[in-house]
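A structural walkthrough
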Amino acid sequence: MPYIAVKGTRDIIGEEADAFSEVEQVFKAVAELYGYKEFRTPVLEYTEVFDRSAGDSSDVVRKEMYTFMDKGNRSVTMRPEFTAGMARSIVEKKLYATEDLPIKCFYYGPAFRYERPQLGRYRQFVQAGVECVGVDSARYDAECIVMAMHVLGVLGFENLSVKVNTLGDAESRAKYKEALKAYFSEHIDKMCPDCHDRLELNPMRILDCKVPEDQEIVKGAPKMKDYLSEASDKRFYQTLSIINDMGIKFEIDENLVRGLDYYGEIVFEVHAKSATGADYGALVGGGHYDGMLKTFGGPDYSGVGFAFGVDRIVSLMKDNGLLGKKEGKCDIYVMPLGEEVIDEAFAIAMNLRYEGYKVEIPFTGGKIGGMFKKATRKGAKFALIIGEDELNNGVAQLKNMETQEQRAISLEDLDLEIESAFNPAPEGNGCCGGESCCCGGEGGQEGCCCSQKEEKEGK
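Each value, and the rule that gives it
- Residues numbered from 1 in each chain as written.
- Predicted model: local features only at pLDDT ≥ 70, side-chain atom pairs only at ≥ 80, totals over all residues.
- Heavy atoms only, no water.
- Helix = DSSP H or I, 4+ residues; strand = E, 2+ residues; numbered from the N terminus.
- Buried < 20%, exposed > 50% of the residue type's maximum accessible area, 1.4 Å probe, protein only.
- Contact = heavy atoms within 4.5 Å.
- Areas by Shrake-Rupley, 256 points an atom, 1.4 Å probe, with all protein chains shown as cover.
- Salt bridge = Lys/Arg side-chain N within 4 Å of Asp/Glu carboxyl O.
- Polar contact = N/O pair within 3.5 Å; in protein donor to acceptor, adjacent residues only side chain to side chain.
- Pairing = 2+ DSSP bridges.
- Axes fitted to C-alpha atoms, helices over the stretch in contact; angles between N-to-C directions.
- Phe/Tyr/Trp six-rings, centres within 6.5 Å; stacked < 30°, edge-to-face > 60°.
- Lys NZ or Arg CZ within 6 Å of the ring centre and 35° of its normal.

**Some remarks on the overall build of the chain**
Assigned secondary structure in the chain consists of 17 helices and 16 strands. Burial analysis of the chain (459 residues in total) assigns 48% to the buried set. The long-range share in the chain, meaning contacts at least 24 apart out of those at least 6 apart in sequence, stands at 68%. Carbon and sulfur atoms provide 48% of the accessible area of the chain, an area that totals close to 23900 Å².

So, in structure tokens, the structure goes:
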């Protein structure tokens, strides 16, 4: 049997790994702008964490969880989503009693669901998201949607489709479920087996059925807007007013329910199609929820959050040409000319790395032509050539890989020489006194590049 990755998993390497890092950096930077702090919860949780929170009508719980008995005969599950683990963590650490409210946390990491692999979806996938827990406000619900769009905007996405709906408060949902049950009971014999189960467990989940014939039946189902309490109706349109004022265009999708049972009040998804026309479905999904902390023995606090499918985002960014092109994967390629200078060349390479440059160096002497080919493949901006003669004379040869210009530089002043190569002074009337000098023509004033060099040289 060949050794290959498990179905639904994959290796992420090279440029694709760079893309995941790019998304992670943008997401974390934006989350911190909104005052969120990172949480890192375990990949493995006791199964009850998800059974109790997600609801037994959820496809995630019923079909998709990776659950097994550990060696202590305890049922454990590899996390299919983060919200439940975050809530468990907040209660276990009693953060609701020690932290200012709301508790605002973000996460980034792998999750696992046993579902059919398809475009942008895998059994092991990367999820990024936020949770804001402890304050019940339409404004926080709106801010969550704004924040999700902020992340996608920074990543370069345009022409996104934002879908919103309200699932109402507990009283509204109870009335609505009864109306749906009565309606679907008349049609259930023509519907898929999953809908038969959903009718008994949670008829609202039938609205999310993807079977075309069932979707036709769903079109005639009662609408939540006819069963909303006055408070929920007011809250929904308050949230929509805020995001509208922020310039976010949206459509109300009355069949949007999301895939987990803990949601109530507003829910939302952000959809996108690639430049090639491929439909990736929801890039982002989330909404408001109540009672999550109470499920784990904490206070009855509300929350709101969203999650990104990072795999889908990276695939779509690739299709749309949005992936950032990293300039020079390698800053400097150090070329030792012979085994006898490798130790000295390695010390020089390490010093440059400590200065913050990305440096590559081969540890076996090779032909200089071969080293130049490698430097080109690695996208090096400069080649630093070090031979025995150069070391004896206290110099090295620095070659600009783009312009092909080459010159001898002092090893004693290597840090200044390299800095000057990466940040050349503009052409003008010369140094110290010339209009183009960084001192503004003031003649070597403190902080000037010339005064720094003179100080280094002991002049």
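From this point on, the discussion continues.
**Some thoughts on the pattern of salt bridges**
Any two side chains of opposite charge can pair if their charged atoms end up close together. Evaluation of the coordinates by the stated rule reveals 17 salt bridges. Taking the shortest distance from any N to any O, the salt bridge between aspartate 136 and arginine 235 comes out at 2.8 Å. Pair noted here: aspartate 136 is in the loop between strand S6 (124-133) and helix H6 (138-154) and arginine 235 is in helix H10 (residues 230-245), with a separation of 99 residues, a long-range link. Aspartate 136 sits in the partly exposed class, given a relative accessible area of 48%. Note that lysine 181 and glutamate 200 form a salt bridge whose closest N and O atoms lie 3.8 Å from each other. Within this pair, whereas lysine 181 is found in helix H7 (residues 170-185), its partner glutamate 200 is found in helix H8 (residues 193-201), the two being separated by 19 residues in sequence. Judged by relative accessible area, glutamate 200 falls into the exposed class, the value being 56%.

**Focus: the environment of serine 172**
Tracing the backbone shows serine 172 in helix H7. Linking serine 172 and leucine 228, residues 56 residues apart in sequence, is a C-alpha distance of 5.1 Å. With residues up to four places along the chain from it excluded, the contact list for serine 172 reads Met224, Tyr227, Leu228, Ser229 and Ser232. Polar side-chain contacts of serine 172 include one of 2.7 Å to the side chain of aspartate 169.

**A closer look at the side chain of threonine 166**
Here threonine 166 shows up in strand S7 (residues 161-166). Among the polar contacts made by the side chain of threonine 166, one reaches the main-chain amide nitrogen of glycine 168 at a distance of 3.1 Å. Setting aside its immediate chain neighbours within four residues, threonine 166 contacts Met224, Leu228, Phe236, Glu265 and Ile266.

**A closer look at the pairing of strand S10 (residues 279-290)**
The element S10 is largely enclosed, with a buried count of ten among its twelve residues. Bridging between strand S9 (residues 263-273) and S10 involves seven bridges; their strand directions are antiparallel. Across the sheet, lysine 273 pairs through a bridge with aspartate 279, a residue of S10. From the end of S9 to the start of S10, which pair antiparallel, there are five residues, and glycine 277 there has a positive phi angle of about 95°. Two strands pair when backbone bridges link them, and S10 and strand S11 (residues 302-309) are joined in this way by seven bridges, in the antiparallel orientation. Bridging across to S11, valine 284 finds its partner in phenylalanine 308.

**Focus on unusual backbone geometry**
For the peptide bond that leads from leucine 101 to proline 102, omega is 0°, which places it in the cis range. In this fold, proline 102 is placed in the loop between helix H5 (95-98) and strand S5 (103-112). Of note, the phi angle at lysine 94 is positive, near 55°, even though the residue is not glycine. Of note, lysine 94 is situated in the loop between helix H4 (83-92) and H5.

**Section: the sheet that holds strand S2 (residues 44-46)**
An order of S2-S4-S3 is seen for the three strands of this open sheet, with the pairing classed as antiparallel. At either margin of the open sheet sits one strand with a lone partner, and together these are S2 and strand S3 (66-69). Ignoring strand direction, the axes of neighbouring strands in this sheet form an average angle of 35°. Alignment of S3 against strand S4 (residues 75-78), held across four bridges, turns out to be antiparallel. The residue bridging threonine 67 from the neighbouring strand is threonine 77, located in S4.

**Considering the packing of aromatic side chains**
Across all of its chains, the model carries eleven aromatic pairs by this definition. By the ring-pair criterion, three or more aromatic residues cluster together here, those being Phe27, Phe106, Phe306 and Phe308. Positioned above the aromatic ring of tyrosine 122, the side-chain terminus of arginine 10 is 4.1 Å from the ring centre. In this arrangement the basic side chain of arginine 123 is found over the ring face of tyrosine 114, its NZ or CZ atom lying 4.0 Å from the centre.

**Examining the sheet that holds strand S12 (residues 332-336)**
Strand order in this open sheet of five strands is S13-S12-S14-S15-S16, and the pairing throughout is mixed. The open sheet has two edge strands, strand S13 (359-360) and strand S16 (406-410), and neither has a second partner. As paired strands, S12 and S13 are joined by two bridges and run parallel to one another. Directly across from isoleucine 332, in S13, lies its bridge partner valine 359. Here helix H13 (residues 342-354) sits on the sheet in contact with S12, S13 and strand S14 (382-386), set at roughly 165° to S12. Against the sheet, helix H16 (residues 414-422) engages S12, S14, strand S15 (395-400) and S16, with an angle of about 145° to S16.

Keep in mind these values describe shape, not function.
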